[in-house]
Amino acid sequence: MVTLKEFWIPMIKQPKSVIRQAIANCSSGIFFILAILYGITLFLEQAMNRNAGDTMAVPTILVLSVILGPIIGIISWFLYSLLTYAGTRLFKGTATFKETYKATAWATVPYSTKLALFIPMLLIFREENFTTETPDIDSSFFLILLFFIAILIGLIMTIYYFMVYSKIIGEIHGIGSWKGFASIIVIPVILILFLIVLSLIFF
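None of these values were measured; they are calculated from a predicted model.

Caption draft 1: Geometry of the UniProt feature "domain: Yip1" (unreviewed entry) in the protein chain. As recorded in UniProt, the sites labelled "domain: Yip1" (unreviewed entry) are residues 29-198. Split by type, residues 29-198 is 82% helix and 0% strand. Its first and last C-alpha atoms lie 40 Å apart.

Given below as C-alpha coordinates:
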(Lines give C-alpha, C1' and ligand atoms only; values in the text may rest on other atoms or scores of the structure.)
Protein backbone atom coordinates (compact mmCIF):
# COMPACT_ATOMS: atom_id res chain seq x y z
CA MET A 1 0.00 0.00 0.00
CA VAL A 2 1.36 3.40 -0.99
CA THR A 3 2.12 5.83 1.83
CA LEU A 4 2.59 9.59 1.82
CA LYS A 5 6.17 9.18 3.01
CA GLU A 6 6.95 6.84 0.13
CA PHE A 7 5.77 9.21 -2.61
CA TRP A 8 6.00 12.72 -1.19
CA ILE A 9 9.54 13.56 -2.37
CA PRO A 10 9.31 11.60 -5.66
CA MET A 11 6.09 13.47 -6.48
CA ILE A 12 8.05 16.72 -6.20
CA LYS A 13 11.17 15.54 -8.02
CA GLN A 14 9.77 13.31 -10.78
CA PRO A 15 5.95 13.53 -10.87
CA LYS A 16 5.50 12.13 -14.37
CA SER A 17 7.45 8.99 -13.48
CA VAL A 18 5.57 8.13 -10.30
CA ILE A 19 2.03 9.44 -10.74
CA ARG A 20 0.57 6.32 -12.33
CA GLN A 21 2.01 4.08 -9.61
CA ALA A 22 0.78 6.45 -6.90
CA ILE A 23 -2.72 6.54 -8.39
CA ALA A 24 -2.90 2.79 -8.83
CA ASN A 25 -1.72 1.75 -5.39
CA CYS A 26 -2.83 4.28 -2.79
CA SER A 27 -5.94 4.01 -0.64
CA SER A 28 -8.82 6.48 -0.76
CA GLY A 29 -7.84 7.76 2.69
CA ILE A 30 -4.58 9.15 1.35
CA PHE A 31 -6.45 11.37 -1.12
CA PHE A 32 -8.44 12.92 1.72
CA ILE A 33 -5.29 13.46 3.77
CA LEU A 34 -3.71 15.23 0.79
CA ALA A 35 -6.82 17.39 0.35
CA ILE A 36 -6.90 18.24 4.06
CA LEU A 37 -3.24 19.27 4.11
CA TYR A 38 -3.83 21.35 1.00
CA GLY A 39 -6.81 23.08 2.61
CA ILE A 40 -4.92 23.92 5.79
CA THR A 41 -2.02 25.31 3.77
CA LEU A 42 -4.39 27.34 1.59
CA PHE A 43 -6.21 28.73 4.62
CA LEU A 44 -2.99 29.83 6.33
CA GLU A 45 -1.63 31.44 3.18
CA GLN A 46 -4.87 33.34 2.58
CA ALA A 47 -4.89 34.45 6.22
CA MET A 48 -1.40 35.88 5.68
CA ASN A 49 -2.27 37.53 2.38
CA ARG A 50 -5.45 39.08 3.77
CA ASN A 51 -3.87 40.26 7.04
CA ALA A 52 -6.33 38.25 9.09
CA GLY A 53 -4.34 39.08 12.22
CA ASP A 54 -5.69 42.63 12.08
CA THR A 55 -9.08 41.36 13.20
CA MET A 56 -8.38 38.12 15.08
CA ALA A 57 -5.76 36.55 17.30
CA VAL A 58 -3.15 34.17 15.89
CA PRO A 59 -4.40 31.19 18.00
CA THR A 60 -7.86 31.75 16.51
CA ILE A 61 -6.40 31.72 12.99
CA LEU A 62 -4.54 28.47 13.71
CA VAL A 63 -7.64 26.80 15.19
CA LEU A 64 -9.75 27.89 12.22
CA SER A 65 -7.11 26.54 9.83
CA VAL A 66 -7.53 23.10 11.42
CA ILE A 67 -11.35 23.32 11.44
CA LEU A 68 -12.13 25.09 8.17
CA GLY A 69 -8.99 24.16 6.23
CA PRO A 70 -9.97 20.52 5.68
CA ILE A 71 -13.44 21.54 4.45
CA ILE A 72 -11.94 24.09 2.06
CA GLY A 73 -9.39 21.53 0.87
CA ILE A 74 -11.93 18.82 0.10
CA ILE A 75 -14.29 21.23 -1.69
CA SER A 76 -11.39 22.70 -3.68
CA TRP A 77 -10.16 19.22 -4.56
CA PHE A 78 -13.53 18.28 -6.03
CA LEU A 79 -14.00 21.56 -7.91
CA TYR A 80 -10.46 21.62 -9.34
CA SER A 81 -10.82 17.99 -10.40
CA LEU A 82 -14.13 18.70 -12.11
CA LEU A 83 -12.89 21.81 -13.92
CA THR A 84 -9.63 20.14 -14.93
CA TYR A 85 -11.43 17.06 -16.22
CA ALA A 86 -13.73 19.30 -18.28
CA GLY A 87 -10.66 21.07 -19.63
CA THR A 88 -8.99 17.82 -20.67
CA ARG A 89 -12.04 16.95 -22.78
CA LEU A 90 -11.15 19.88 -25.02
CA PHE A 91 -7.75 18.31 -25.72
CA LYS A 92 -9.00 14.73 -26.11
CA GLY A 93 -7.65 13.57 -22.76
CA THR A 94 -7.95 9.84 -22.18
CA ALA A 95 -8.08 9.48 -18.38
CA THR A 96 -11.28 9.04 -16.39
CA PHE A 97 -12.66 11.51 -13.88
CA LYS A 98 -11.61 9.13 -11.09
CA GLU A 99 -8.03 9.17 -12.33
CA THR A 100 -8.19 12.95 -12.67
CA TYR A 101 -9.30 13.58 -9.10
CA LYS A 102 -6.66 11.18 -7.81
CA ALA A 103 -3.98 13.01 -9.82
CA THR A 104 -5.32 16.36 -8.61
CA ALA A 105 -4.90 15.24 -5.01
CA TRP A 106 -1.29 14.14 -5.57
CA ALA A 107 -0.54 17.38 -7.41
CA THR A 108 -1.09 19.31 -4.18
CA VAL A 109 2.09 17.84 -2.64
CA PRO A 110 4.42 20.73 -3.66
CA TYR A 111 1.90 23.29 -2.41
CA SER A 112 1.26 21.53 0.91
CA THR A 113 4.99 21.29 1.48
CA LYS A 114 4.71 24.99 2.34
CA LEU A 115 3.42 23.87 5.74
CA ALA A 116 7.06 23.12 6.54
CA LEU A 117 7.82 26.76 5.67
CA PHE A 118 4.99 28.17 7.79
CA ILE A 119 6.32 26.59 10.99
CA PRO A 120 9.59 28.57 11.14
CA MET A 121 7.73 31.66 9.89
CA LEU A 122 5.34 31.41 12.84
CA LEU A 123 8.22 30.94 15.25
CA ILE A 124 10.27 33.84 13.85
CA PHE A 125 7.70 36.43 12.78
CA ARG A 126 4.84 35.39 15.08
CA GLU A 127 1.68 37.50 14.70
CA GLU A 128 3.32 39.79 12.14
CA ASN A 129 2.81 37.04 9.55
CA PHE A 130 -0.87 38.01 9.61
CA THR A 131 -0.91 41.75 10.28
CA THR A 132 -0.68 44.89 8.18
CA GLU A 133 1.66 46.56 10.66
CA THR A 134 5.01 44.76 11.12
CA PRO A 135 7.09 46.89 13.52
CA ASP A 136 9.46 44.11 14.62
CA ILE A 137 10.21 43.02 11.06
CA ASP A 138 10.58 46.62 9.87
CA SER A 139 13.09 47.41 12.61
CA SER A 140 15.52 44.67 11.57
CA PHE A 141 17.18 44.34 8.17
CA PHE A 142 17.88 40.68 8.97
CA LEU A 143 14.19 39.97 9.63
CA ILE A 144 13.16 41.87 6.50
CA LEU A 145 15.58 39.73 4.50
CA LEU A 146 14.33 36.51 6.09
CA PHE A 147 10.71 37.49 5.48
CA PHE A 148 11.43 38.32 1.84
CA ILE A 149 13.22 34.97 1.36
CA ALA A 150 10.31 33.10 2.97
CA ILE A 151 7.77 34.84 0.72
CA LEU A 152 9.93 34.15 -2.33
CA ILE A 153 10.25 30.46 -1.46
CA GLY A 154 6.48 30.26 -0.99
CA LEU A 155 5.90 31.86 -4.39
CA ILE A 156 8.32 29.45 -6.07
CA MET A 157 6.56 26.49 -4.44
CA THR A 158 3.19 27.74 -5.69
CA ILE A 159 4.53 28.06 -9.24
CA TYR A 160 6.07 24.61 -8.98
CA TYR A 161 2.73 23.24 -7.81
CA PHE A 162 1.16 24.32 -11.10
CA MET A 163 4.10 22.81 -13.00
CA VAL A 164 3.62 19.46 -11.26
CA TYR A 165 -0.14 19.65 -11.74
CA SER A 166 0.36 20.28 -15.47
CA LYS A 167 2.84 17.43 -15.82
CA ILE A 168 0.75 14.78 -14.12
CA ILE A 169 -2.48 15.80 -15.87
CA GLY A 170 -0.63 15.72 -19.17
CA GLU A 171 0.82 12.32 -18.28
CA ILE A 172 -2.34 10.51 -17.23
CA HIS A 173 -4.39 12.00 -20.07
CA GLY A 174 -1.68 11.43 -22.69
CA ILE A 175 -1.75 15.05 -23.88
CA GLY A 176 1.61 16.44 -22.74
CA SER A 177 2.49 19.02 -20.08
CA TRP A 178 1.53 22.16 -22.04
CA LYS A 179 -1.93 20.85 -22.83
CA GLY A 180 -2.10 19.66 -19.24
CA PHE A 181 -1.50 23.25 -18.14
CA ALA A 182 -4.10 24.52 -20.58
CA SER A 183 -6.57 21.97 -19.23
CA ILE A 184 -6.06 23.32 -15.73
CA ILE A 185 -6.69 26.97 -16.58
CA VAL A 186 -9.01 27.03 -19.61
CA ILE A 187 -12.36 26.43 -17.86
CA PRO A 188 -11.62 28.73 -14.88
CA VAL A 189 -10.54 31.48 -17.30
CA ILE A 190 -13.73 31.06 -19.33
CA LEU A 191 -15.83 31.22 -16.15
CA ILE A 192 -14.02 34.35 -14.94
CA LEU A 193 -14.48 36.07 -18.30
CA PHE A 194 -18.15 35.08 -18.29
CA LEU A 195 -18.63 36.60 -14.82
CA ILE A 196 -16.85 39.78 -15.88
CA VAL A 197 -19.14 40.11 -18.90
CA LEU A 198 -22.21 39.54 -16.72
CA SER A 199 -21.03 42.15 -14.22
CA LEU A 200 -20.50 44.68 -17.02
CA ILE A 201 -23.95 43.98 -18.44
CA PHE A 202 -25.91 44.15 -15.20
CA PHE A 203 -23.86 46.52 -13.06
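Caption draft 2: Spatial organisation of helix 3 (residues 28-49). Given a rise of 1.5 Å per residue, 22 residues ought to cover 32 Å, and the 32 Å separating the end C-alpha atoms of helix 3 matches this to within 8%. At the C-terminal side of helix 3, Asn51 shows a positive phi close to 55°.

Caption draft 3: Structural detail: the pattern of salt bridges. One pass over the structure, following the stated rule, counts three salt bridges. For Glu45, the salt bridge goes to Lys114, with nearest N and O atoms at 2.6 Å. Residue Glu45 is located in helix 3, and its partner Lys114 is located in the loop between helix 6 (109-112) and helix 7 (115-125); the two are separated by 69 residues in the primary sequence. Between Arg126 and Asp136 there is a salt bridge whose closest N-O contact spans 3.4 Å. Remark: Asp136 occurs in helix 8 (residues 135-138) and Arg126 occurs in the loop between helix 7 and helix 8; sequence separation between them is 10 residues. We classify Asp136 as partly exposed; its relative accessible area is 36%.

Caption draft 4: Layout of unusual backbone geometry. Phi at Asn51 is positive, roughly 55°, even though this residue is not glycine. Relative to the assigned elements, Asn51 resides in the loop between helix 3 and helix 4 (58-90). Among the residues examined, Asn51 registers a relative accessible area of 27% and is labelled partly exposed. Its identity is not glycine, yet Arg126 carries a phi of approximately 50°, on the positive side.

Reading the values: the criteria
Residues numbered from 1 in each chain as written. Predicted model: local features only at pLDDT ≥ 70, side-chain atom pairs only at ≥ 80, totals over all residues. Heavy atoms only, no water. UniProt positions renumbered as here; feature names shortened; annotations may be inferred. Helix = DSSP H or I, 4+ residues; strand = E, 2+ residues; numbered from the N terminus. Expected span 1.5 Å × (residues − 1). Salt bridge = Lys/Arg side-chain N within 4 Å of Asp/Glu carboxyl O. Buried < 20%, exposed > 50% of the residue type's maximum accessible area, 1.4 Å probe, protein only.

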